[in-house]
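Observations on chain architecture
Listed below are the residues making up each chain.
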Amino acid sequence: MEQKLFVYNTLFRKKELFEPLSPPHVGIYVCGPTVYSDVHLGNCRTFISFDLIFRYLTHLGYKVRYVRNVTDAGHLEGDGGDEGEDKIEKKAKLAQVEPMEIVQKYTIDFHETMKVFNVLPPSIEPTATGHIIEQIELVQKILAAGFAYEINGSVYFDVEKYSKTHDYGILNRRNLEDMINNTRDLGGQDEKLGKLDFALWIKAKPEHLMKWPSPWSLGFPGWHLECSAMSNKYLGKQFDIHGGGIDLMPTHHTNEIAQSMASCEKIPAKYWIHTNMLTVNGQKMSKSLGNSFLPQQLFTGDHSLLNKGYTPMTVRFFMLQAHYRSTLDFSNEAMEASEKGFKRLLNAISISESLQASATGEIDIAPLRQRCFDAMNDDFNSPVLIAELFEATRVINSVKDGKLKIDAENLSLLRQLMKEFVVDVLGLKNEQLANNDLPKVMDMIVNLRNEAKSNKDYATSDKIRIGLQQIGFQLMDGKEGTSWNKI
Ligand code: AMP
Ligand code: ZN
């Protein structure tokens, strides 16, 4: 690759040159959503951040295999994810439906939301329930290596024993004593031997709905296990990037590393990338704090915290104006500023299409384009990239106003720059035509064609029909009039 990319690796707390294990292939694993409720805007920020990373790596020419899982079983309510009720089952019982109905509903919701934000689908989207066998095998390996124990049909990871030969706090940089002292005492009903031990396999209580046979009991896997089993299956024992929200780092990712080290003596990923939180008045946006809002509420403006609604691309632009490792505080003022900025950028793109080149020019676009790459090469610094794109916007407006001359080669480079960074890398698209405008527009076109037909202007009516067909719309003439379909 001609570009040198530096990424911040949480494992070493510093920026490192990105050198994939087997270029041009890059393997990324990102912890996906637990599908028990609508994704909120904070969750969306994390997936938009990884979409930026996925898009940029692809843009650089890497062949990326992006695995993002869906947690559809095993995620319990407690802080460590392995105590209390299963989040999905709890919701299913309240709604008096099958857990898998909850999974289905919120998986669809998640996919739709991702699509609205123009987040590309991952290469593989495995589910925990689809990989029970792999998870059982992993538990067997950890047991065989002596780092886990079975009690009453459940299996726990033995953190104290592991810590004798490994650094359990390698990622979260906490020492064992501190972690033990900061964890609450084991309750009377707790079967774990050590306070930091976590569940690999949990014996199901009789009322538990989602359970599978295993060598130890009819039960279900612990939450941390699925990511180790699925990343190993699709990306190998060691892959390039493991990502997730920073809130997953201290426990979930720490336990993933312990599971991989215990079973095959390998830290699963070379680079650990963590995205920071979306906050509201400085507080993490989360369901439990009651300060979260849904993407739909942001689009319609239907929420007490909102002055008005914003389009999905404005929201995406707002998110990308902050670096993924900084917290981003939501406010109406910031959203309004983003709305203006995004419009300016889109305007510049359409102006650039109609600019005329001069025989000789006064500007060289190549350095500006390299500065756009430099921004992204510096740990995916999208705010700096956006500042460079505003520089390009100024150039476009100056050429339009006749204050600056540009030659044909640089004009084409300028157009390419806007397209590659705004559309391909930042994943922003022009949404001036909203979806619900389409029927109105189509009705008008159909009426124009009918007029042409009744005037016996068949050349025009055919031109309309064929033109629509070429862009994916089929007209059907029937007794009731003309209807249309998307093909
Ligand atoms: P969950 O469905 O709760 O497992 O979360 C899915 C992803 O969203 C995880 O990677 C979390 O780290 C991330 N996440 C949760 N809350 C926020 C937030 N307020 N800002 C950014 N990311 C978040
Ligand atoms: Zn995970």
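Here the structure is shown first, and the text comes after it.
This one's a predicted model, so the numbers in the text were calculated from it and none came from an experiment.

On to the sheet that holds strand β3 (residues 25-30). Taken in spatial order, the four strands make up an open sheet running β4-β3-β9-β10, and their pairing is parallel. Bordering the open sheet on either side are β4 (63-68) and β10 (269-275), each of which pairs with just one other strand. Across this sheet, the average inter-strand angle for adjacent strands is 20°, counted without regard to direction. Bridge count between β3 and β4: six bridges; the pairing is parallel. Residue V30 lies in a different strand from β4, and its bridge partner there is R68. Strand contacts of helix α1 (residues 41-59): β3, β4, β9 (239-245) and β10, with the helix running at about 160° to β4, the strand carrying the most contacts. Against the sheet, helix α8 (residues 249-264) engages β9 and β10, with an angle of about 155° to β9.

It is worth spelling out the sheet that holds strand β6 (residues 154-157) at this point. Spatially, four strands are ordered β5-β6-β7-β8 in an open sheet, and the strand pairing comes out antiparallel. Only two strands of the sheet have a single partner each, and these edge strands are β5 (148-151) and β8 (219-221). In this sheet, neighbouring strand axes are inclined to one another by 20° on average, regardless of whether the strands run parallel or antiparallel. Sheet analysis places β6 next to strand β7 (residues 198-203), joined by three bridges and oriented antiparallel. Residue pairing for β7: V155 is matched across the bridge by W201.

Definitions and limits used
- Residues numbered from 1 in each chain as written.
- Chains lettered and ligands numbered in written order.
- Predicted model: local features only at pLDDT ≥ 70, side-chain atom pairs only at ≥ 80, totals over all residues.
- Heavy atoms only, no water.
- Pairing = 2+ DSSP bridges.
- Helix = DSSP H or I, 4+ residues; strand = E, 2+ residues; numbered from the N terminus.
- Axes fitted to C-alpha atoms, helices over the stretch in contact; angles between N-to-C directions.
- Contact = heavy atoms within 4.5 Å.

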